[in-house]
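Listed below are the residues making up each chain.
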Amino acid sequence: MLKGDTPQTGEPDNTGSPRHVAIIMDGNGRWAAARGLPRAEGHRRGVEALRKVLRAAHELGISYLTIFSFSSENWSRPASEIGDLFGLLRRFIRNDLASLHGDGVCVRVIGEREGLEPDIKALLKEAEDLTRHNTRLTLVVAFNYGSRHEIAHAAQRLAIEVAEGKRDPATITADTLGSYLDAPDIPDPDLIIRTSGEQRLSNFLMWQAAYSELVFVPIHWPDFDKAALEGAIAEYATRERRFGGLIAKTGS
């Protein structure tokens, strides 16, 4: 897993615009069903929406964009649908990686890679290796990801250090545990958006979301575009963020 030197588990910066936006891309299947189309078409249109949002993130000055592309719970879906999703991932990386690299996008991947097909693991590594030094936008892809597993894995690593006598349990703090998560060098999301009207995190970035603003939009992911992203950011800008202390308004 990706591990940086400094954990970013504190309160997010309060500069008006979100530096880090995370999105739960929900509703591909419902979008397709409403139009009498196969679910695979909904997922395909969802990839098109992702391309639009990536361009919009560039234009809106977002530094980090995290997308929930495949949950560890998604393995319970029909094998045919999983095959469609993996096929889309393969095509997205093969077709879009060069343009992402040219646009200065750094791709990071969080989630469990053990058990994935070798070519999928190779493609994820290729995307990270090629774009490693890009700085315009960091695209964090949560793939085969579950927040509970991420936290449990961090705790296991700390427990091993304690058992081996390498760490005093008294030294384990929230920041310590945060530094053992998948990408501790990336700041916590300021704004988490979920499409399709559902209002829950669904095991996504639960540790990192401690101080995030949550915006739930009723439209399905294939219909999400720059205007929808701007609308979510506008709502974020109206929030009063207390962080346990004085009011801090995001748009001030």
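Residues numbered from 1 in each chain as written. Predicted model: local features only at pLDDT ≥ 70, side-chain atom pairs only at ≥ 80, totals over all residues. Heavy atoms only, no water.

1. Here we look at helix 3 (residues 79-102)
Here is the rule: Numbering of helices and strands runs from the N terminus, with a helix taken as a DSSP run of H or I at least four residues long and a strand as a DSSP run of E at least two residues long. One fewer than the residue count of a helix, multiplied by 1.5 Å, yields its expected span. Here the bend at a residue means the angle between the axes of two seven-residue stretches, the one that ends at it and the one that starts at it.
Compared with the 34 Å implied by 1.5 Å per residue over 24 residues, the 34 Å span of helix 3 between its first and last C-alpha is a close match. Most pronounced at D96, the bend in helix 3 amounts to some 50 degrees. At the C-terminal side of helix 3, G104 shows a positive phi close to 80 degrees.

2. Let's talk about the UniProt feature "active site" (unreviewed entry) in the chain
In plain terms, the rule: UniProt positions are given in the numbering used here, feature names are shortened, and annotations may be inferred rather than shown by experiment. Between N or O atoms, a polar contact is any pair within 3.5 Å; within protein, one atom must be a potential hydrogen donor and the other a potential acceptor, and residues adjacent in sequence are included only when both atoms are from side chains.
Taken from the UniProt record, the annotation "active site" (unreviewed entry) applies to D26 and N74. These residues run over 49 residues, yet every pair of their C-alpha atoms falls within 12.2 Å of each other. Side-chain polar atoms of D26 contact the side chain of R30, separated by 2.9 Å. Position of N74 among the secondary structure elements: in the loop between strand 2 (64-71) and helix 3.

3. Focus on the UniProt feature "binding site: Mg(2+)" (unreviewed entry) in the chain
As a reminder of what qualifies: Remark: exposure states derive from per-residue accessible area (1.4 Å probe, protein chains only) relative to the maximum for the residue type, with buried under 20%, exposed over 50%, and partly exposed in between. Whether two residues are in contact is decided by their heavy atoms, any of which lying within 4.5 Å being enough.
Under the feature "binding site: Mg(2+)" (unreviewed entry), the UniProt entry names D26 and E213. Relative to the helices and strands, D26 resides in the loop between strand 1 (20-24) and helix 1 (28-34). Under the relative-accessibility criterion, D26 is labelled buried at 13%. Excluding anything up to four places from it in sequence, D26 contacts R194, T195, S196, E198, H220 and W221. With respect to the secondary-structure elements, E213 resides in strand 6 (residues 213-216). Using a relative accessible area of 13% as the deciding quantity, one classes E213 as buried. With sequence-adjacent residues up to four places away left out, E213 is seen in contact with D190, L191, I192, Y236, R239 and R241.

4. As for the packing of aromatic side chains
This is how it is decided: Two rings from Phe, Tyr or Trp (for Trp, the six-membered ring) form a pair when their centres sit within 6.5 Å of each other. Planes less than 30 degrees apart are called stacked, planes more than 60 degrees apart edge-to-face, and all others tilted.
Applying the stated rule across the entire model yields seven aromatic pairs. Ring plane angle 85 degrees and centroid distance 5.2 Å describe the contact between F70 and F86, whose orientation is recorded as edge-to-face. Taken together, the positions of F70 in strand 2 and F86 in helix 3 put the pair 16 residues apart, joining distant regions of the chain. The same class applies to F70 as to F86, namely buried. The interplanar angle of 85 degrees and the centroid separation of 6.3 Å between the aromatic rings of Y145 and F204 together place this pair among those described as edge-to-face. With Y145 in strand 4 (residues 137-145) and F204 in the loop between strand 5 (191-194) and strand 6, this residue pair connects regions lying 59 residues apart in the sequence. Take F204: its relative accessible area is 0%, and that puts it in the buried class. Following the ring pairs from residue to residue traces out a cluster consisting of F68, Y145 and F204.

5. Thoughts on the packing of helix 2 (residues 39-60) against helix 7 (residues 226-237)
Note the threshold: Every angle, taken between N-to-C directions, lies between 0 and 180 degrees, and every axis is a line fitted to C-alpha atoms, over only the stretch in contact when it is a helix. For classification, angles of less than 35 degrees are called roughly parallel, those exceeding 145 degrees roughly antiparallel, those between 65 and 115 degrees roughly perpendicular, and all remaining angles oblique. The crossing is said to be left-handed when, going from far helix to near helix, the turn is anticlockwise and less than a right angle, and right-handed when the turn is clockwise. Gly is placed with the polar residues, together with every amino acid not listed as nonpolar (Ala, Val, Leu, Ile, Met, Phe, Trp, Tyr, Cys and Pro) or charged (Asp, Glu, Lys and Arg).
With their axes 9 Å apart at the nearest point, helix 2 and helix 7 run at an angle of 50 degrees to one another. As the angle between them shows, helix 2 and helix 7 are arranged oblique. Here helix 2 runs over helix 7; the crossing is right-handed. In contact with V53, A56, A57, E59 and L60 of helix 2, helix 7 contributes K226, L229, E230 and I233. Class assignment of the residues belonging to the contact of helix 2 with helix 7 gives a composition of six nonpolar, no polar and three charged.

6. Points about the environment of A142
Mapped onto the secondary structure, A142 falls in strand 4. Each C-alpha atom of the pair A142 and S72 lies 9.7 Å from the other, and the pair is 70 residues apart in sequence. Aside from chain neighbours lying at most four places away, what touches A142 is I67, F68, S69, F70, I110 and F204.

7. Focus: the nonpolar core
Test applied: Nonpolar cores are built from buried Ala, Val, Leu, Ile, Met, Phe, Trp, Tyr and Cys residues. Side-chain atoms within 4.5 Å join them into one set.
I23, L65, F143, I193, F224 and L229 are the most contacted members of the largest nonpolar core, which has 46 residues in total. Once residues within four sequence positions are removed from consideration, I193 is found in contact with V21, A22, I23, I24, V215, V217, F224, L229 and A232. Y64, I110, A142 and Y145 belong to the second largest nonpolar core, which has 14 residues in total.

8. Some thoughts on the sheet that holds strand 4
Counted only if it meets this: DSSP-based pairing: two strands are paired if at least 2 bridges between them are found.
Taken in spatial order, the six strands make up an open sheet running 3-4-2-1-5-6, and their pairing is parallel. Strands at the two margins of the open sheet, each flanked by one partner only, are strand 3 (105-110) and strand 6. Each neighbouring strand pair of the sheet contributes to a mean axis angle of 20 degrees, computed without reference to strand direction. Taken together, the six bridges between strand 3 and strand 4 define a ladder with parallel strand orientation. Counterpart to V109 in the pairing with strand 4 is V141.

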